[in-house]
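Coordinate inspection notes
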Amino acid sequence: MSQNPLIITCAIVGAELTKKDFPQLPTTPEELATSAIEAVTAGASIIHLHVRDKNGNPTQDKNIFQNVTDKIRKNCDCIIQYSTGGAVGTPVEDRCAPLTLKPDMATLSMGTMNFGDEVFENTTEIIKKISDEIQKNIILPELEIFDFGMLDTAKRFLKKGIIPDKFHVDFVLGVPGGASGDIRNLIALVDRLEMNQTWTVAGIGKSQLPLITLAITLGGHVRVGFEDNIFYKKGELATSNAQFVNRVVKIANELNRPIASVADTRKMLKFAH
Ligand code: KMH
Ligand code: ZN
């Protein structure tokens, strides 16, 4: 039986690291676009996007999102997924600001959690507001599930109509404060998903490689990139986002999973447009 194509998402930069921590981190619009294009060329079909201001700090500035999106689109076709998580402490209005640009996809985190030593706030009110903006702009949401209770929240909110009934799921495992990157957590979470729901795993730090390998085996999808991990191996920093995508392609080839094109991804995630 032929296996379903593997959707690779690349999270090219998050909101936590700076160039001081990691000089290879893409932060300017040019660097972000180049890194995204390299990742897509290597096999990614979705780019999870955060952007930075002139000083390299995380921002939800709509104009910068537009600028980076235009630069990526000029050079390649891919699905662009905006972060509505922003950085810890970003006000909800700012988190929603880029959504009026109507990206293909946007994230929707399913609960408040400790995030390292800080708190990533996603109260019911915040989730409702972001979900409303996502629906108003006809964007496909990706539910960010950092812990078990967040999956139960998603099911509860789905029944109440707080979140739309069409979405993709991303299990983000290994954030200190959320569920750990232990592979048994992924197995348990997938087991509790409803049938036919598409899902991706993002493993933080050293949990990335075992989690993506398991996800490829289980028929799920994967996210890699500097937002989640900067080490290619123990003690060896990665050189580019594309390097991580290339590794996924190699593992997928060994395990007989074809790589999803952008068209395959749109079809599998049931895009409206
Ligand atoms: N930066 C984190 C606090 C998302 O992109 O939607 C949240 C985050 C999730 O990165
Ligand atoms: Zn993110």
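The notes below deal with the structure included here.

Criteria and thresholds
- All chains use their own residue numbering, which begins from 1 and follows the written sequence.
- Chains carry letters from A onward and ligands carry numbers from 1 onward, assigned in written order.
- Reporting of local features is limited, given that this is a predicted model, to residues whose pLDDT is at least 70; pairs of side-chain atoms are given and counted only at 80 or more, and all residues count toward the totals for whole chains, interfaces and linings.
- Derived side-chain values reflect all non-hydrogen atoms in the structure, with water molecules and hydrogen atoms excluded from consideration.
- Nearness is judged by heavy atoms alone; a residue qualifies as near a molecule or strand once a single heavy atom is within 4 Å of it.
- Nitrogen and oxygen atoms within 3.5 Å of one another constitute a polar contact, given that in protein one can donate a hydrogen and the other can accept it, and given that sequence-neighbouring residues count only through two side-chain atoms.
- Areas reported here follow the Shrake-Rupley algorithm with a probe of radius 1.4 Å; residue values treat only the protein chains shown as occluding.
- Any residue that is not Ala, Val, Leu, Ile, Met, Phe, Trp, Tyr, Cys, Pro, Asp, Glu, Lys or Arg is counted as polar, Gly included; the first ten are nonpolar and the last four charged.
- For this document, the term salt bridge refers to a Lys or Arg side-chain nitrogen within 4 Å of an Asp or Glu carboxyl oxygen.
- What counts as a helix is a DSSP run of H or I of at least four residues, what counts as a strand is a run of E of at least two, and both are numbered from the N terminus.
- Summary of the burial criterion: residues with accessible area below 20% of their type's maximum are buried, those above 50% are exposed, and those between are partly exposed, where the area comes from a 1.4 Å probe applied to protein chains only.
- Grouping buried Ala, Val, Leu, Ile, Met, Phe, Trp, Tyr and Cys residues that are joined through side-chain atoms within 4.5 Å yields what is termed a nonpolar core.
- A contact between two residues is defined here by any heavy atoms of the two lying within 4.5 Å.

Right, let's talk about the site of ligand 1 for a bit. As a structural note, the neighbourhood of ligand 1 is formed by Ala-15, Glu-16, His-48, His-50, Ser-83, Gly-85, Gly-86, Val-88, Thr-107, Phe-115, Phe-120 and Glu-227. Here an oxygen atom of ligand 1 and a side-chain polar atom of His-50 are 3.1 Å apart. In this structure, a nitrogen atom belonging to ligand 1 sits 2.8 Å away from a main-chain N or O atom of Gly-86. In the complex, 97% of the free accessible area of ligand 1, which totals 300 Å², lies under the protein chains. Here the residues of the shell around ligand 1 are counted per class, giving four nonpolar, six polar and two charged.

This next bit is on the pattern of salt bridges. As enumerated under the stated definition, the model contains 13 salt bridges in all. Of the charged contacts, one joins Lys-129 and Glu-133 as a salt bridge, the two residues approaching to 3.5 Å between their closest N and O atoms. With Lys-129 and Glu-133 both in helix H4 (residues 124-136) and four residues apart, this pair spans about one turn of that helix. The exposure class assigned to Glu-133 is buried, which follows from its relative accessible area of 12%. Across the pair Arg-223 and Asp-228 runs a salt bridge, and its minimum N-O distance is 2.7 Å. Classification of Arg-223 as buried rests on a relative accessible area of 3%. If you follow the salt bridges from partner to partner, you end up with Glu-144, Asp-170, Arg-223, Glu-227 and Asp-228 in one network.

So, on to the nonpolar core. Nonpolar side chains tend toward joint burial in soluble globular proteins. Ile-8, Met-110, Ile-145, Phe-171, Leu-186 and Val-245 are the most contacted members of the largest nonpolar core, which has 80 residues in total. Excluding residues within four positions of it along the chain, Leu-186 makes contact with Phe-171, Leu-173, Trp-199, Val-201, Leu-211, Leu-214 and Ala-215. Grouped together as the second largest cluster of nonpolar side chains are 10 residues, Ile-79, Leu-140, Leu-269 and Phe-271 included.

With that settled, the discussion passes to the side chain of Gln-197. Position of Gln-197 relative to the elements: it lies in the loop between helix H6 (183-191) and strand S11 (199-203). For Gln-197, a relative accessible area of 19% gives the class buried. Here Phe-167 takes part through its backbone oxygen, which lies 2.8 Å from a polar atom of the side chain of Gln-197. Gln-197 has contacts with Phe-167, His-168 and Val-169, leaving out every residue within four places of it along the chain.

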